[in-house]
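Survey of secondary and tertiary structure
Here is what each chain is made of, one letter per residue.
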Amino acid sequence: SSPPEHLQTYYPSYQLIFAFICYLKASKPELIDKIVNDNIDAKSLIQAAGIVSISGDTEYNHIDYLSKLITFDLASEEVRNKMIEEKEIFFDGYDRIQKNIMQTVCSWLSEMHIN
């Protein structure tokens, strides 16, 4: 039997950010420190992480959306509101619009310990 529908919630924003943070933790841990300490802007993080814009290529639209999520997460309230207004960022009925998603995911990963 499958779990109840309310337990099957899919949070696409967290899924993308979680994968991105795992990638950074494994390959560029110095960027994790900058995220946690709020010491990096979106453009610098995207560039340092090696994310390349592939605008127009629908096969890789999740990469462009990841760039937008990073920008949104690190942006000012004004920029965040504009991105929502212009529908650059989407949140379904389950996603709460939250700032510091990357810092939250970093803290989750820092709490994991191998026993």
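Residues numbered from 1 in each chain as written. Predicted model: local features only at pLDDT ≥ 70, side-chain atom pairs only at ≥ 80, totals over all residues. Heavy atoms only, no water.

Describing unusual backbone geometry
Selection rule: The cut-offs for exposure are 20% and 50% of the maximum accessible area for each residue type, with area from a 1.4 Å probe on protein chains only; residues under the lower value are buried, those over the upper are exposed, and the others partly exposed.
Within the chain, Asp38 stands out as a residue other than glycine whose phi angle is a positive 55 degrees. Even without being a glycine, Lys87 presents a positive backbone phi close to 60 degrees. On the basis of relative accessible area, Lys87 is assigned to the exposed category, the value being 57%.

Topic: the environment of Ile32
Here is the rule we go by: Numbering of helices and strands starts at the N terminus; helices are DSSP runs of H or I of at least 4 residues and strands are runs of E of at least 2. Contacts are assigned to residue pairs with any non-hydrogen atoms lying within 4.5 Å of each other.
Looking at the element boundaries, Ile32 is found in helix α2 (residues 29–36). For Ile32, a relative accessible area of 11% puts it in the buried group. On a C-alpha basis, the gap between Ile32 and Ser107 in space is 10.0 Å, while along the polypeptide they are 75 residues apart. If near-sequence neighbours (up to four positions away) are discounted, Ile32 is found in contact with Ile21, Leu24, Lys25 and Cys106.

Examining the confidence of the model for the protein
Detail in the predicted coordinates should be disregarded across regions flagged by low pLDDT. As a reminder, the rule being used: The score called pLDDT rates the predictor's confidence residue by residue, from a low of 0 to a high of 100.
Looking at the protein, the pLDDT average stands at 80 and 74% of residues meet or exceed 70. Here helix α6 (residues 101–110) is the element of the protein with the lowest mean pLDDT, 86, and helix α3 (residues 42–49) is the one with the highest, 94.

Things to note about the side chain of Asp73
Under the convention used in this document: Counted charges follow a simple rule, with Lys and Arg positive, Asp and Glu negative, and His plus the chain ends left uncounted. One speaks of a salt bridge when a side-chain nitrogen belonging to Lys or Arg is within 4 Å of a carboxyl oxygen belonging to Asp or Glu.
Within the secondary structure, Asp73 is located in helix α4 (residues 61–74). No salt bridge is formed by the buried Asp73. Its closest oppositely charged neighbour is Arg80, at 5.1 Å. If near-sequence neighbours (up to four positions away) are discounted, Asp73 is found in contact with Gln98, Lys99, Asn100, Ile101 and Met102.

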